[in-house]
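So the chains spell out like this:
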Amino acid sequence: MMSLPQFHDNSSFFQPSVFLLIGIPGLEAMHRWISIPFSSMYTLALTGNCLILLAVKRTPSLHQPMYYFLSMLSLTDLGLTLCTLPTTLAVLWFDYRRIAFDACLTQMFFLHSFSVVESSVLLAMSFDRFVAISNPLRYASVLTNSVIGRIGMAIVTRATVSLFPVPFLLKRLNFCPGKVYLSHSFCFHADMMKRACADITVNILYGLYVVLSTAFVDSLLIAISYGLILHTVMGLASPQERIRALNTCVSHILAVLVFYIPGVGVSIIHRFGRHAPPIVHAVVAYVYLIVPPVLNPIIYSVKSKHIREALIKMLKKKDQS
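Residues numbered from 1 in each chain as written. Predicted model: local features only at pLDDT ≥ 70, side-chain atom pairs only at ≥ 80, totals over all residues. Heavy atoms only, no water.

### Comments concerning the packing of aromatic side chains
Right, on to step 1. Applying the stated criterion across every chain yields a total of 12 aromatic pairs.
Right, on to step 2. Taken together, a centroid distance of 5.9 Å and an interplanar angle of 85° make the contact between W93 and F94 edge-to-face.
Right, on to step 3. Judged by relative accessible area, W93 falls into the partly exposed class, the value being 36%.
Right, on to step 4. Its relative accessible area of 60% is what places F94 among the exposed residues.
Right, on to step 5. Their ring planes at 40° and their centres at 5.9 Å tell us that F259 and Y288 sit as a pair that is tilted. With a gap of 29 residues between them, F259 in helix α10 (residues 250–272) and Y288 in helix α11 (residues 278–303) connect regions that are remote in the sequence. Neither F259 nor Y288 differs from the other in exposure class; each is buried.
Right, on to step 6. One aromatic cluster is present, built from ring pairs that chain together F38, F186, F188 and Y286. (Phe/Tyr/Trp six-rings, centres within 6.5 Å; stacked < 30°, edge-to-face > 60°. Buried < 20%, exposed > 50% of the residue type's maximum accessible area, 1.4 Å probe, protein only. Helix = DSSP H or I, 4+ residues; strand = E, 2+ residues; numbered from the N terminus.)

### Looking at the packing of helix α1 (residues 31–58) against α11
Angle between the axes and distance between the axes are the two parameters that describe a pair of packed helices.
Right, on to step 1. Orientation of α1 relative to α11, taken along the N-to-C sense of each, is 45°, at an axis distance of 9 Å. The angle between α1 and α11 places the two elements in the oblique class. As α1 runs across α11, the sense of the crossing is left-handed. Judged by residue contacts, F38, M41, Y42, L44, A45, G48, N49 and I52 of α1 engage Y286, I290, P293, V294, P297 and S301 from α11.
Right, on to step 2. Here the contact of α1 with α11 is built from residues that sort into 11 nonpolar, 3 polar and no charged. (Axes fitted to C-alpha atoms, helices over the stretch in contact; angles between N-to-C directions. Parallel < 35°, antiparallel > 145°, perpendicular 65-115°, else oblique. Left-handed = near helix turned anticlockwise from the far one by under 90°. Contact = heavy atoms within 4.5 Å. Nonpolar A, V, L, I, M, F, W, Y, C, P; charged D, E, K, R; others polar.)

### Considering helix α5 (residues 145–163)
For an α-helix the count is 3.6 residues per turn, leaving residues at separations of three or four pointing the same way.
Right, on to step 1. With 19 residues, α5 extends 27 Å between its outermost C-alpha atoms, agreeing within 8% with the 27 Å of an ideal straight helix rising 1.5 Å per residue.
Right, on to step 2. Looking at α5, one finds that the buried residues are I148, I151, G152, I155, A159, S162 and L163. Axial view of α5: buried residues confined to an arc of 110°, hence all on one face. Facing away from the buried surface of α5 by more than 90 degrees, the exposed residues are R150, M153 and V161.
Right, on to step 3. In this fold, the buried residues of α5 make contact with α2 (65–94), α3 (101–134), α6 (165–171) and α8 (201–234). (Expected span 1.5 Å × (residues − 1). Arc of directions from axis to C-beta.)

### Some thoughts on the layout of surface pockets
Right, on to step 1. By volume, the largest pocket is sized at about 910 Å³.
Right, on to step 2. The wall of the largest pocket is formed by 35 residues, among which G207, V211, V266, S267 and R271 lie closest to the centre.
Right, on to step 3. The set of elements that each furnish at least two residues to the lining of the largest pocket consists of α3, α7 (189–193), α8 and α10.
Right, on to step 4. Tallying contributions element by element places α8 first for the lining of the largest pocket, with 12 residues.
Right, on to step 5. A class-by-class count of the residues in the lining of the largest pocket yields 21 nonpolar, 11 polar and 3 charged. (1 Å grid on protein atoms, 1.4 Å probe; cavity = no way out; pocket = protein on both sides within 12 Å on 5 of 7 lines; lining within 4 Å. Points joined across faces, edges and corners; volume = space filled by probe spheres on them.)

### What about the nonpolar core?
Right, on to step 1. By size, the foremost hydrophobic cluster in this structure holds 89 residues, and its most contacted members are F19, L122 and M192.
Right, on to step 2. No other element matches α3, which puts 16 residues into this core.
Right, on to step 3. Not counting residues within four places of it along the chain, the set of residues in contact with M192 comprises F19, C104, L105, M108, L170, F175, L182 and C187. (Core = buried A, V, L, I, M, F, W, Y, C linked by side-chain atoms within 4.5 Å.)

This is the structure:
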């Protein structure tokens, strides 16, 4: 039986030296079998996103704003995947549940930072589609390489600044000695702060501020972008032109849905699902963090002819060599 972790005691201030992670609540006996689909999904996510990055890098015809933003999305998906992979597979493969307090804070920071980055990249991609459809003649002059680089820097800065206070807000809390079991195989902000025996109002309010100022604002601006895109498309004379214009947006719309729908589910579960079974919390969180990195490369490979052709050409060259 796993012994409980030690605690740092400073008068009445307690902070656990480690937290204990869990896999799929109620299905611990099946973790070895459950690890097979999880390992497959992680492999697909890593392989698919690396292939997208290689295809864009090695194909000169893909050196365009749309595909640079797709590369940003793939890099972000790789980051999200690598954030959760070590601890999740450690729990499922080896039943290793311990994570040091500071390591948990670090994982939580990067996990939420990559989520904010992904939301921002999806917003940038909607702007790209709006410019391409509403003003195609100025597309290349508006979204130059330097502009795309500045957008990328702004996205990373926004995520870093938004999440930077969160570990320090958690670090100041007095934790309960007996509440060291987390609800997932990785560290979530909402999960960690609920283990404190202190007033967490500041943490709740700041967490809400981050969600509203990032994901909510981004989703609202994406919706506005598509409203403007639809208005532009409806003004096109030819039905064929309308269909062609909308087809360029299908991959991005699917990526938006794949990211935001599970994200909304996670927010609802953490705020209003106190009485929901633990397995529901776990499954929703896994869907939110693992499914988008798996599906995004598939979506773009299937729906984008240029990406598909570049991947096939690249793989053929590898076989021939």
